[in-house]
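Residues per chain, in single letters:
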Amino acid sequence: MKPSSGSTSHPAGKTSSSTSSGSAAGSGDPSGRPRTEQREPEQTAELGDVCPICKGQGFIVQDLPIGHPDFGRAIPCQHRRAEITSRRQDELTRGSNLSQLKHMTFETFMPDGVGMNDEHRLNLRRAFEKARLYAAHPDGWLVLSGTYGCGKTHLAVAIAHEVLRQGEAVLFVVVPDLLDHLRAAFGPNSETSFDERFETVRTAPLLILDDLGSQSATPWAKEKLFQILNYRYVTRLPTVITTNLRLTEIDARLRSRLTDPDLSTVVPIIAPDFRSSGDQGVTELSTLSLHADQTFEAFDLRRDELPAEAASSLSRAKALAEAFAADPQGWLVLNGPYGCGKTHLAAAIANRRMKLHNERAMFVVVPDFLDYLRAAFNPNSSTSLDVRFDEVRRAPLLILDDLGTESATPWAREKLFQLLNYRSVARLPTIITSSTQVENMDERLASRMQDTSRCTIVLILAPSYRGGKAQVASRKGQVAGRKAQGAGGR
């Protein structure tokens, strides 16, 4: 359809006819004064009483060619757009219920926690800074994950308050409440249609979804959430999401969008519940303090006592460990016989990160880790299995020492797979030491470690360390001396 030579838009519903510019019909009243014509609202456009574009209809249909996606579609006239925007912002504000959450601001957040260790405090402060940066310039998606009470909702609400303070519209809603709000639109007394409510949520300038995963997982609920998030993913609308779920537990369609590095930033918060009394469990499980003397400087390369191939493998292992300590990315698997130095190198990485960057790693012996999880089944345990597992699963830098020495029960294998699979998906830096060859491990674990795009396997050929050549000679002399004394006594 070709554009008409006149107006390029028409009022929706009907087209008004033009009025004559001549005198009104009739000769006037008996006094001779001209009679004023009583016009309908659509006939008074030239008097400024109604919009001259839409003639009071409020909507126009654009003159577009057939086949255009907006052909025949009524759109708000420009004089109504401000009104519609204002009404939508009011609806967003009412739906957010932020008036009940006035206390949750960046000023009232405690980024260093209460009674936390260095690892948790550093992690929480990083989450705080990322949230503040996002609030200043909402762009892309921000996903805050963590256990109950770790502070992720407070940070999400603080973002909402800051954006509102800047004069921008934001919708903050708890996911189960959102779904109830949408369902209520089907009620006979609803003032707004489902389509209107759904569109308000889907197109909110900034949408904050709190507690994703706590909703009833009905097919309808999953479909509506996917439609909302998929639309915002395609249109790249700013979105903040908080969740208690592991990423692997989220519906695959949503997970693929939440973890897209081109759009989304995932911030795991490992801090314990603010409402509990301080640190939970890390100090009793992580044994890094027992390895304080195991540094790169104290590592013996044993060049004078090892065959060339074994000495070369040990030097290479140290060089790769130092490189990992400088930039912890992906996984590092140190594989070799007992006593070859792999635990020393793993501890040296953690000790250097602590010394130079104040980053504390979690150092866990695998059998102890599984015992620690089992202890949660004790009725007197003050910490749930989920909380204990999360402490290790979300650690910013994790060292799993002696993988393969644990009791290989189905439960143990499943927990280890869940741990390593999460860290693989979340791309969390991980160091593994083992005396078992990777190809002889559980197939699911081996497949994660054999992914060369994320994992470096370092094979150490050196035999068990016995204290260096001089110390070995000294021990041999002491043994020979004791034997001589024994012979003299006889």
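Residues numbered from 1 in each chain as written. Predicted model: local features only at pLDDT ≥ 70, side-chain atom pairs only at ≥ 80, totals over all residues. Heavy atoms only, no water.

One open sheet accounts for five strands, arranged β10-β11-β12-β9-β13; its pairing is parallel. Every other strand in the sheet has two partners, leaving β10 (362-365) and β13 (455-459) as the edge strands with one partner each. Averaged over all pairs of adjacent strands, the angle between strand axes in this sheet comes to 15°, irrespective of strand direction. Two strands pair when backbone bridges link them, and strand β9 (residues 331-335) and strand β12 (residues 430-434) are joined in this way by five bridges, in the parallel orientation. Opposite Leu334, over in β12, you have Thr433 as the bridge partner. Where helix α10 (residues 342-357) meets the sheet, its contacts fall on β9, β10, β11 (398-401) and β12, and the angle it forms with β12 comes to roughly 165°. (Pairing = 2+ DSSP bridges. Helix = DSSP H or I, 4+ residues; strand = E, 2+ residues; numbered from the N terminus. Axes fitted to C-alpha atoms, helices over the stretch in contact; angles between N-to-C directions. Contact = heavy atoms within 4.5 Å.)

Turning to the pattern of salt bridges, a few remarks are in order. Taken as a whole, this structure holds 18 salt bridges when the rule is applied. Residue Asp251 pairs with Arg253 through a salt bridge whose shortest N-O separation is 3.8 Å. The partner of Glu414 in a salt bridge is Arg444, and the shortest N-O contact between them spans 3.2 Å. Note that Glu414 is positioned in helix α13 (residues 410-425) and Arg444 in helix α14 (residues 443-449), a separation of 30 residues in sequence. If you follow the salt bridges from partner to partner, you end up with Asp112, Arg125, Glu129 and Arg132 in one network. (Salt bridge = Lys/Arg side-chain N within 4 Å of Asp/Glu carboxyl O.)

Our next topic: the pairing of β12. Counting buried residues along β12, five of its five residues qualify, which places the element largely inside the surrounding structure. Burial along β12 is two-sided: Thr430, Ile432 and Ser434 and Ile431 and Thr433, pointing in opposite directions, are all buried. Summarising the sheet, β11 and β12 pair through three bridges and their orientation is parallel. Along β12, the bridge assignment pairs Leu398 with Thr430. (Buried < 20%, exposed > 50% of the residue type's maximum accessible area, 1.4 Å probe, protein only.)

The next point concerns the sheet that holds strand β4 (residues 141-146). Reading across from one edge, β5-β6-β7-β4-β8 is the order of the five strands in this open sheet, with parallel pairing throughout. With one partner strand each, in any of the chains shown, β5 (171-174) and β8 (264-269) form the two edges of the open sheet. On average, adjacent strands in this sheet sit at an angle of 15° to one another, irrespective of strand direction. Bridge analysis of β5 against strand β6 (residues 207-212) gives four bridges, and the strand direction is parallel. In the strand pairing of β6, Leu171 is matched with Leu207. Lying on the sheet, helix α2 (residues 118-136) is in contact with β4, β7 (239-243) and β8; it crosses β8 at an angle near 150°. Along the sheet, helix α4 (residues 175-184) makes contact with β5 and β6, crossing β5 at roughly 100°.

In this structure, the largest pocket encloses a volume near 1,000 Å³. What lines the largest pocket is a set of 36 residues, and nearest its centre among them are Val266, Pro268, Ala426, Arg427 and Leu428. For the lining of the largest pocket, the secondary-structure elements that each account for two or more residues are α2, β8 and α13. With six residues, α2 is the largest single contributor of residues to the lining of the largest pocket. The class makeup of the residues in the lining of the largest pocket is 18 nonpolar, seven polar and 11 charged. (1 Å grid on protein atoms, 1.4 Å probe; cavity = no way out; pocket = protein on both sides within 12 Å on 5 of 7 lines; lining within 4 Å. Points joined across faces, edges and corners; volume = space filled by probe spheres on them. Nonpolar A, V, L, I, M, F, W, Y, C, P; charged D, E, K, R; others polar.)

A separate point is the packing of aromatic side chains. Applying the stated criterion across every chain, the model contains seven aromatic pairs. Between the aromatic rings of Phe194 and Phe198, the centroid separation amounts to 5.6 Å while the plane-to-plane angle is 20°, which identifies the pairing as stacked. Here Phe198 and Phe194 lie together in helix α5 (residues 194-202), a separation of four residues that amounts to about one turn. Taken individually, Phe194 and Phe198 each receive the classification buried, so the pair is uniform in this respect. An aromatic cluster is present here, built from Phe106, Phe109 and Phe128 joined pairwise through their rings. The side chain of Arg202 reaches across the aromatic face of Tyr231, ending 3.9 Å from its centre. The positively charged end of Arg253 is found above the aromatic ring belonging to Phe226, 4.0 Å away from the centroid. (Phe/Tyr/Trp six-rings, centres within 6.5 Å; stacked < 30°, edge-to-face > 60°. Lys NZ or Arg CZ within 6 Å of the ring centre and 35° of its normal.)

Here we take up the environment of Leu334. With respect to the element layout, Leu334 can be found in strand β9. Given the relative accessible area of 0%, Leu334 is considered buried. Each C-alpha atom of the pair Leu334 and Ile457 lies 6.3 Å from the other, and the pair is 123 residues apart in sequence. In contact with Leu334, not counting residues within four places along its chain, are Lys342, Leu345, Ala346, Ile431, Ile432, Thr433, Ser434 and Val458.

When two helices pack together, you describe them by how their axes are tilted relative to each other and by the distance separating the axes. Packing of α5 against helix α6 (residues 219-235) leaves a shortest axis separation of 9 Å and a crossing angle of 50°. Here α5 is positioned oblique relative to α6, judged by the angle of their axes. Counting all contacts with α5, which are made through Phe194, Phe198, Val201 and Arg202, the residues of α6 involved are Trp220, Lys224, Gln227, Ile228, Tyr231 and Arg232. For the contact of α5 with α6, the class distribution of residues is six nonpolar, one polar and three charged. (Parallel < 35°, antiparallel > 145°, perpendicular 65-115°, else oblique.)

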